[in-house]
Amino acid sequence: MKQDRNRKITVEDLLSLKRAERPPAEFWASFESELRAKQLAAIVGKRSWRDALPRIFTTVYRYHLPFGAVAALALTWAGIHYSSDSVDAVRMAPSVSARPSVRPLVSVSPAVQAKGSLDRPRAQSPVASPQVASAPVAEASSSVSEASAPESLKAAIGTRFSDVVATTLADFRENQPELARRDVFSSDREFETTVESMREAAAEPLAHVDPAAEERNSRLLEAALPAIGPSSGAATLASERVRQRASNDRMYESMDPYESSSPSLEIRF
Amino acid sequence: MNASKALQKTLVVSPERKLEADADLAIVRRVQSGDVAAFDVLVCKYRERVVGVVYNMTSNREDAADLAQDAFIKAFQSIHRFEGQASFFTWLYRIAVNSTLSHLRKNRMRSFFSLETIQGDDPVAREVLDALTDKTGAGRDAFIGELQEKLNDAMQKLSINHRTVVTLFEIDGLSHQEIAEVMDCSVGTVRSRLHYAKQLLQAELQPYLRQ
């Protein structure tokens with residue numbers, strides 16, 4: 001005991017007392033039963049989607065390299081695909097718009113034309129088109145006097161551009177008559193005619209009521225009042241009143257006080 | 001075996017631990033193949049250690065029981081994801097420690113401490129207690145209770161991470177490498193935290209120390 005009293009006591013020794021702390025035996029019995037109940041609940045209970053999130057993230061993290069490679073390939077393919085489409089569109093647009101304006105504005109020498117036709121088999125080649133398309137602008141700027149203001153230059157360019165648009169539309173209508181008639185290039189008159197006919201159809205729903213329907217209504221009304229009987233005077237009076245009211249309503253609705261069908265408004269006293 | 005390879009990475013690789021990891025992996029494979037009852041073997045094997053770790057981190061018996069049960073349930077639910085890259089023991093400890101850390105962070109202000117009985121059959125504990133007091137009977141029990149309270153207070157004054165490192169190293173006997181794996185930090189961080197925590201404990205428990 002005397003030797004124990006002279007023993008060095010360190011922090012590690014004191015912490016070893018914590019290691020010796022153990023719960024009593026009954027604690028383990030309740031621990032076991034509670035754990036079994038929780039385990040059964042975990043087996044039977046349905047797991048929510050939130051519990052599946054860590055597993056999804058783990059799977060994604062595990063296969064992040066293949067996923068990344070596939071995503072990069074898909075992005076590359078999409079980029080190449082859409083960029084080729086847009087390049088084609090850019091190539092087509094100037095060639096269509098520049099064709100009519102080139103003829104009167106630019107005079108290309110036959111040698112240059114031959115060289116261009118040899119280099120590029122298509123008549124309006126995509127590379128040549130921007131150069132040709134810029135020619136009207138250059139000519140417009142050169143046609144304006146050197147002392148003129150920038151506004152006049154802009155007006156000249158705007159005029160040229162409107163000419164180009166008009167000729168392009170004309171070309172389009174000429175080459176694609178079906179599309180030009182059906183699409184946005186169709187005339188406003190056609191649209192108005194269509195809408196007018198639809199409006200007329202929806203304006204007067206009672207105009208389509210035929211006399212047979214009117215007779216059917218009066219017959220149904222007679223059947224709805226069996227106590228009076230079809231031949232009784234009161235029923236006849238009631239059906240006559242209803243018919244009269246319906247005809248009056250229809251008359252008022254059919255009346256057009258302003259007579260909009262006529263081109264001018266006539267006020268009568 | 002994968003478990004053996006994983007254990008070779010730790011600083012303390014004893015043949016017993018390798019054998020233990022291989023045996024655990026065999027049981028885990030049985031559970032993965034559908035033998036649910038085999039999980040009870042793992043529960044019986046590790047429940048005292050897991051409860052001990054959680055108890056020393058929370059200083060509360062009820063919380064320790066709940067958190068240890070939750071750790072076993074989580075391990076059971078996700079045992080199909082265990083591939084044997086680490087030992088089952090380390091994996092289970094990581095689940096328990098992470099659950100306890102999140103519980104402590106959520107309930108920072110709540111502190112209900114409970115004391116467990118120091119087992120008299122532990123030779124080291126008996127030797128330390130004999131060195132600290134020559135009292136017997138009720139006086140000795142009172143002294144032990146007071147010392148336990150002081151120890152709990154000192155532990156609770158540590159930060160959560162420092163307390164965890166001290167618990168895993170000094171009380172549960174894990175190596176620095178194993179603690180680093182469990183806490184998902186570097187070995188240097190573990191050593192630094194351990195050094196700082198011991199300095200704080202030394203200052204708090206100065207009346208009971210004898211140089």
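Every chain is numbered on its own, with residues counted from 1 as its sequence reads. Chains and ligands are labelled by the order in which they are written, letters from A for the one and numbers from 1 for the other. Given that this is a predicted model, residues contribute local features only at a pLDDT of at least 70 and side-chain atom pairs are listed and counted only at 80 or more, while totals for whole chains, interfaces and linings are drawn from all residues.

Attention now moves to the overall build of chain A. Scanning chain A for helices and strands turns up 12 helices and 1 strand. In this text, helices come from DSSP runs of H or I with a minimum length of four residues, and strands from runs of E with a minimum of two, each type numbered from the N-terminal end. Secondary structure of chain A in N-to-C order comes out as α-α-β-α-α-α-α-α-α-α-α-α-α. Every one of the 269 residues in chain A was classed for burial, and the buried ones make up 7%. Residues are defined as contacting one another if the C-beta atoms placed from their backbone atoms lie within 7 Å. Contacts in chain A between residues at least 24 apart in sequence constitute 55% of all its contacts with a sequence separation of at least 6. Partly exposed residues are those whose C-beta has more than 12 but fewer than 20 other C-beta atoms within 10 Å; with 20 or more the residue is buried, with 12 or fewer it is exposed, and the C-beta atoms are placed from the backbone.

Looking now at the interface of chain A and chain B. Each side of the interface is counted separately: chain A has 28 residues, and chain B has 36 residues. If you list the elements that add at least two residues to the side of chain A that touches chain B, you get helix 1 (2-5), helix 2 (11-19), strand 1 (21-22) and helix 3 (25-44) of chain A. Considering each element in turn, the side of chain A that touches chain B owes the most residues, 9 residues, to helix 2 of chain A. For the side of chain A that touches chain B, the per-class residue count stands at 12 nonpolar, 4 polar and 12 charged. One ladder, built from 2 bridges, connects strand 1 of chain A with strand 1 (residues 117-118) of chain B; its direction is antiparallel. Amino acids are sorted into nonpolar (Ala, Val, Leu, Ile, Met, Phe, Trp, Tyr, Cys and Pro), charged (Asp, Glu, Lys and Arg) and polar (every other residue, Gly among them). DSSP calls a pair of strands paired once it identifies at least 2 bridges connecting them.

Running from amino to carboxyl end, helix 2 of chain A crosses helix 6 (residues 123-132) of chain B at an angle of 125°, the nearest separation of the two axes being 9 Å. One finds that helix 2 of chain A runs oblique with respect to helix 6 of chain B. In the crossing of helix 2 of chain A with helix 6 of chain B, the sense of the turn from one axis to the other is left-handed. Residue-level contacts link A:Asp13, A:Ser16 and A:Leu17 of helix 2 of chain A to B:Val124, B:Ala125 and B:Val128 of helix 6 of chain B. Among the residues making up the contact of helix 2 of chain A with helix 6 of chain B, the classes are represented as 4 nonpolar, 1 polar and 1 charged. A fitted line through C-alpha atoms represents every axis, and for helices the fit uses only the stretch in contact; the resulting angles, taken between N-to-C directions, go from 0 to 180 degrees. Angle categories are assigned with fixed cut-offs, so that under 35 degrees is roughly parallel, over 145 is roughly antiparallel, 65 to 115 is roughly perpendicular, and the rest are oblique. Here a crossing is called left-handed whenever its near helix is offset anticlockwise from the far helix by less than a right angle, and right-handed whenever the offset is clockwise.

So, on to the confidence of the model for chain A. Residues and elements named next belong to chain A. Chain-level statistics for chain A give a pLDDT mean of 66 and a share of 44% at 70 or above. Residue-level confidence of the predictor is summarised by pLDDT, bounded by 0 at the bottom and 100 at the top. Low pLDDT, under 50, characterises residues 96-109; the stretch is placed with 26 contacts to residues that sit more than four places away or in other chains. The low-confidence segment residues 111-147, where pLDDT is below 50, has 36 contacts with residues more than four positions distant or belonging to other chains.

Here we take up unusual backbone geometry. Residues and elements named next belong to chain B. Of note in the backbone geometry, Ser-59 takes a positive phi value of approximately 60° without being a glycine. When you line up the elements, Ser-59 lands in the loop between helix 3 (38-58) and helix 4 (61-77). Residue classification places Ser-59 among the buried positions, given that 24 C-beta atoms sit within 10 Å. With phi around 55°, Asp-184 is a residue other than glycine that occupies positive phi space. By secondary structure assignment, the location of Asp-184 is in the loop between helix 9 (176-183) and helix 10 (187-204). Classification of Asp-184 as exposed rests on a count of 10 C-beta atoms within 10 Å.

All names here are of chain B. Within the secondary structure, Glu-83 sits in the loop between helix 4 and helix 5 (88-106). Its 11 C-beta neighbours within 10 Å are what place Glu-83 among the exposed residues. Sequence separation between Glu-83 and Leu-25 is 58 residues; the distance between their C-alpha atoms is 9.0 Å.

Moving on, we come to the nonpolar core. Note on soluble globular proteins: their nonpolar side chains tend to be buried together. A:Leu17, B:Val50, B:Val54, B:Ala68, B:Leu92, B:Ala96 and B:Ile179 are the most contacted members of the largest nonpolar core, which totals 59 residues. A per-element tally of this core places helix 3 of chain B first, with 9 residues. Leaving out residues up to four positions away in the same chain, B:Ile179 has contacts with B:Val165, B:Leu168, B:Phe169, B:Leu174 and B:Val190. Linking buried Ala, Val, Leu, Ile, Met, Phe, Trp, Tyr and Cys residues through C-beta atoms within 7 Å yields a set, and such a set is a nonpolar core.

Moving on, we come to the packing of helix 8 (residues 160-171) of chain B against helix 9 of chain B. All names here are of chain B. Running from N to C, helix 8 and helix 9 cross one another at 140°; their axes reach a closest spacing of 10 Å. For the element pair helix 8 / helix 9, the angle class is oblique. The handedness of the crossing between helix 8 and helix 9 comes out as right-handed. Across from Thr-164, Val-165, Leu-168 and Phe-169 in helix 8, the residues of helix 9 making contact are Ile-179, Val-182 and Met-183. Of the residues belonging to the contact of helix 8 with helix 9, the class tally is 6 nonpolar, 1 polar and no charged.

Turning our attention to the confidence of the model for chain B. The predicted coordinates ought not to be read in detail in places where the model reports low pLDDT. All names here are of chain B. Looking at chain B as a whole, its pLDDT mean stands at 84, while 90% of the residues score no less than 70. No element of chain B has a lower mean pLDDT than helix 1 (residues 2-8), which averages 45, and none a higher one than helix 10, which averages 93. Segment residues 1-11 is flagged for pLDDT under 50; beyond a separation of four residues in sequence, or across chains, it makes 28 contacts in the model. Among the prediction metrics, the complex's ipTM stands at 0.79, with pTM recorded as 0.51.

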